[in-house]
Amino acid sequence: MASEKHLFALMLERVQAAAAAVLGATADLSRVVVEPPRDAAHGDMATNAAMVLAKDAGVKPRELADTIAQALRADPMIETVDVAGPGFINMRLKPAAWLGELRAAIESGASYGESRMGNGQKVNIEYVSANPTGPMHVGHGRGAIFGDALASLLAFTGFDVTREYYINDAGAQVDVLARSAYLRYREALGETIGAIPDGLYPGDYLKPVGAALAKEFGAKLQNKPESEWLPAVRARGIAMMMDLIREDLAALNVKHEVYFSERSLTAPQDQVAATIDLLRKQGKIYEGRLPPPKSGAVEDWEDREQTLFRSTDFGDDVDRPLKKSDGTYTYFAADIAYHKAKIDRGFNDLIDVWGADHGGYIKRVQAAVKALSGGKAALDVKLVQLVKLLRAGEPVKMSKRAGDFVTLRDVVDEVGKDAVRFMMLYRKNDAVLDFDLAKVIEQSKDNPVFYVQYGHARAHSVFRNVRETFPDFPSEAKARIARLHDAKLDLLTDEAELSLIRKMAVYPRTLEAAALAHEPHRIAFYLYELASEFHAQWTRGKDLPHLRFIIQNNPELTEARLALVQGIVTVLGSGLGLLGVDAPVEMR
RNA sequence: GACCCCGUAGCUCAGCCGGAUAGAGCACCAGCCUUCUAAGCUGGGGGUCGGAGGUUCGAAUCCUCCCGGGGUCGCCA
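For the structure given in this document, a descriptive report is provided here. (Residues numbered from 1 in each chain as written. Chains lettered and ligands numbered in written order. Predicted model: local features only at pLDDT ≥ 70, side-chain atom pairs only at ≥ 80, totals over all residues. Heavy atoms only, no water.)

The peptide bond linking Ala267 to Pro268 adopts the cis configuration, its omega dihedral lying at 5 degrees. Unusually for a residue other than glycine, Asn119 sits at a positive phi of about 60 degrees. Here Asn119 lies in the loop between helix H4 (95-108) and strand E5 (122-126). Accessibility expressed as a relative area gives 71% for Asn119, which makes it exposed. (Helix = DSSP H or I, 4+ residues; strand = E, 2+ residues; numbered from the N terminus. Buried < 20%, exposed > 50% of the residue type's maximum accessible area, 1.4 Å probe, protein only.)

What follows covers the environment of Ala50. Locating Ala50 in the fold gives a position in helix H2 (residues 49-57). By relative accessible area, Ala50 is classed as buried at 0%. Each C-alpha atom, one on Ala50 and one on Lys215, is 76 Å from the other, the two residues being 165 residues apart in sequence. Beyond its immediate stretch of four places on either side in the chain, Ala50 contacts Pro61, Leu64, Ala65, Ile68, Gly87 and Ile89. (Contact = heavy atoms within 4.5 Å.)

With respect to spatial proximity, 70 residues lie near RNA strand B, and among them Arg38, Phe88, Ser325, Lys445 and Trp538 are the closest. When atoms of RNA strand B within 4 Å of the protein are split into backbone and base, the sugar-phosphate part holds 61%. Residue Arg458 places a side-chain N or O atom 2.9 Å away from a phosphate oxygen belonging to RNA strand B. Elements with a contribution of two residues or more to the surface near RNA strand B: H2, strand E4 (88-93), helix H6 (172-188), helix H14 (448-469), helix H17 (507-517) and helix H18 (521-543). Sort the elements by how many residues they give to the surface near RNA strand B and H18 lands first, with eleven residues. A per-class count over the surface near RNA strand B returns 27 nonpolar, 19 polar and 24 charged. (Near = heavy atom within 4 Å. Polar contact = N/O pair within 3.5 Å; in protein donor to acceptor, adjacent residues only side chain to side chain. Nonpolar A, V, L, I, M, F, W, Y, C, P; charged D, E, K, R; others polar.)

Another aspect to go through is the packing of helix H5 (residues 138-156) against helix H13 (residues 417-425). Two elements in contact, H5 and H13, have axes whose closest approach is 9 Å; the angle formed by their N-to-C orientations is 80 degrees. One finds that H5 runs roughly perpendicular with respect to H13. Contact residues: Val138, Gly141, Arg142, Ile145, Phe146, Asp148 and Ala149 in H5; Val420, Arg421, Met424 and Leu425 in H13. Grouping the amino acids of the contact of H5 with H13 by side-chain chemistry returns seven nonpolar, one polar and three charged. (Axes fitted to C-alpha atoms, helices over the stretch in contact; angles between N-to-C directions. Parallel < 35°, antiparallel > 145°, perpendicular 65-115°, else oblique.)

Put into structure tokens, the structure is as follows:
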């Protein structure tokens, strides 16, 4: 029921209406928010309306608050209105309002929390984009999961989302891949290749590539100059590496709709050249010199005139080169053409997910997007910080030279998709993440993955158990929900039960805020809190049997409480779904 | 040297486009198992929000400077 407004959105409208009635229709109400107060003792909902509007109105916040509060008191959904602190308006809704929201959640089911906030706006989100030169590591996995969850969240909140993978199949690295694969090809034909030379990829994962090449070409490529075999070997190598990457992503349930090849930007048509020409005509490109970098990082710096993009005109720190000394394009030049292609496909809302080591690259690409779109398109770059792999608190040793680094697939195979996905989302994207292989599979409350999944499973165990007392209660989900449709929700009067409903009702608002901020981790934290309140209510029934969900001789109360449980199940299931984590019906 | 990210309880981290006495988990202390899964719950102690200024009725949040950790800085992608 995406068309109906959730309770917080509804109350925001009413508060804004009340404010407009007091201040007139011209008042700017955009900064007014309605949110759950920090302290539940203050009420169910609080608004800052009086405080943000007081200045323009030329009134004291408290006075304005009193006036708006008076207008709100007429609202039939509101029980009490108080003014507190510097001018907060605290509201307590009638229980019926919350119970109505619970009913809406149950009846909306999987679509509860869906919104039209995005208005169908096209969003392109590019993530993973790992080089097709070998298996992915856990850092790639974090970007993959982050991008995937963000895409799901944006789609759920009303954006028209395209998930995209940029294949870096054009640079020097894929030539290295080709040479490495060629070596394995010779090996597959029976040659002794000895140690893999420095500068080539040593991993065993190229052996199947060599074998496949030997099968396809026989000895035809053997003892031939590089120019004769490299393009074909490179193409086979890239294809097989992409297959490998796609499989690894599939194991994490990460999918993309568009795989965009960097190579396709230069052949058959050279779109990079075309883009440079276009920008040059617009005066955004010139031939000039750059000051040398202020670090020792560039040893063979040579001062020369080169083709430069005027990125400083669009917010960057220095102008950026588009061609290397050998005349080929820089990665940046291709990236400009790539982002132009996105804009040309109708995207004005671009999101790129990169590793933190690419942070220094943000301004120039944003500058390019600005220049290409005349300021119409915006690029938000989300950096994912590195992942530190631990096992029971001890760092997992990884030596890339020895080739024994732990791949993403190793981790997924060891702890499972759900643990990887949840833990990677249980942290802000720009914070370094400790990933403990031992902890994430622990079946205890110390493991947030388990804790939230267990909450969902525990709720379902209530549905199973109730049939021992009331055998006619349906076991199948659809029939259960239909049965709960007529539950007498006003029997839910316990304060903790109502508090649980209020927590549940924050879900749609949490999703909208997370979507606007491009921060899917907020969903994970919210789910943890909701699960926690549910576990608490469960345990309360131990000491206080009258608070149990199943009450022996009271089918009506039992039904009402099962409706509450159904609401929790709905939200936990929905939120886990957005994160791409399974919501199990029982823990095994 | 410049730019970017981070700095919140002993530890790991939240803090919702500035808001009401700064939160959670772990760890520590004290409790709760004759059946809705103790795979859990309840209570307690513990913080100059890195530092100093500034803007504001109000700053962990915005601005400036400084300190500490990480990253990046034309021909890697």
